[in-house]
Every structure is written in structure tokens, then in C-alpha cells.
Amino acid sequence: MIWLALTLIAALAATTASQALEESRALAEAGSAAEGAELLEPWVRRYPQDYALVLELAWLEFQAEDYTASLKYYRLAEQLSGGAWEPRTGIAWCLLRLGDSKAKAAIATLENER
């Protein structure tokens, strides 16, 4: 009985996180990336090991031009991914937008690796 209750709670949470992900994407497409990020942020705090949620939040923060927050989430996504190119490219773009002089070369390197 307890197992069933826990399974149902987990399923509801996953559905809600999935809905938040969809809603945050819709907000970003409508030009409200900052609102989408705000919607997704509690889910990333709740599920910090969920690569898809973390990567999406990083992208939303980037679209909202909060490059410091975006960089934080891209770095977390990089740790979770084990070296995927998406978060590494995001990190390079954030550093570029934040004025890092080495970022342009890093972006060129990452783009060539893809």
C-alpha cells in the first residue's frame, strides 16, 4: 500500500515537472523567457539531477539575458552530462556575453568539435 502511494506521488510530481517544462518553453516562445525561468527554477531545486530540466533552465536564463544565472545552470548541466557539447557551448556563450576575452576562442573550438 505504501509503495503504491509513493509511486503515485512520484508520478504526479513528474507530470507536474513535465508540465512546467512545457509551460516554460511556451512562455519563452511568447517572449517571456524570464517568466519561464521563474516557473522552472523550483523544479530544478527539487530535481537538481535532472539534466533536461537544468539544461532548459540554463537556456531560459540565457534568453532572458541573465548570463550569470545561465552560466551557473550550464555548469551544473555540464557536470550532470559527463561532457556533452550543449552545456559546454552554453558556458562559452555566457562567458562571451559576460566579457571573457578567451570565450571567443573557446566557442570556435567547441563549434568545431560538434
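Everything in this summary refers to the structure shown in the same document. These figures come from a predicted structure and were not determined experimentally. (Residues numbered from 1 in each chain as written. Predicted model: local features only at pLDDT ≥ 70, side-chain atom pairs only at ≥ 80, totals over all residues. Heavy atoms only, no water.)

Regarding its fold elements, the chain presents 6 helices and 0 strands. The N-to-C order of helical and strand elements in the chain reads α-α-α-α-α-α. Put simply, 40% of the contacts in the chain that link residues at least 6 apart link residues at least 24 apart. By element, 57% of the accessible surface of the chain is carried by carbon and sulfur atoms, the whole surface being about 7100 Å². (Helix = DSSP H or I, 4+ residues; strand = E, 2+ residues; numbered from the N terminus. Contact = heavy atoms within 4.5 Å. Areas by Shrake-Rupley, 256 points an atom, 1.4 Å probe, with all protein chains shown as cover.)

On to the environment of Tyr 47, then. Tracing the backbone shows Tyr 47 in the loop between α2 (33-46) and α3 (51-63). Taking the C-alpha atoms as reference points, Tyr 47 and Ala 17, separated by 30 residues in sequence, lie 9.1 Å from one another.

This part takes up the environment of Gln 19. Here Gln 19 is to be found in helix α1 (residues 2-29). Take Gln 19: its relative accessible area is 41%, and that puts it in the partly exposed class. A C-alpha to C-alpha distance of 9.8 Å links Gln 19 and Leu 40, two positions 21 residues apart in sequence. (Buried < 20%, exposed > 50% of the residue type's maximum accessible area, 1.4 Å probe, protein only.)

Here we take up the pattern of salt bridges. Between side chains of opposite charge, a pair can form when the charged atoms approach closely. Applying the stated criterion across every chain yields a total of 1 salt bridge. Two residues, Glu 56 and Arg 25, come together in a salt bridge whose shortest N-O distance is 3.3 Å. Highlighted residues: Glu 56 in helix α3 and Arg 25 in helix α1, separated in sequence by 31 residues. Assessed through its relative accessible area of 38%, Arg 25 is described here as partly exposed. (Salt bridge = Lys/Arg side-chain N within 4 Å of Asp/Glu carboxyl O.)

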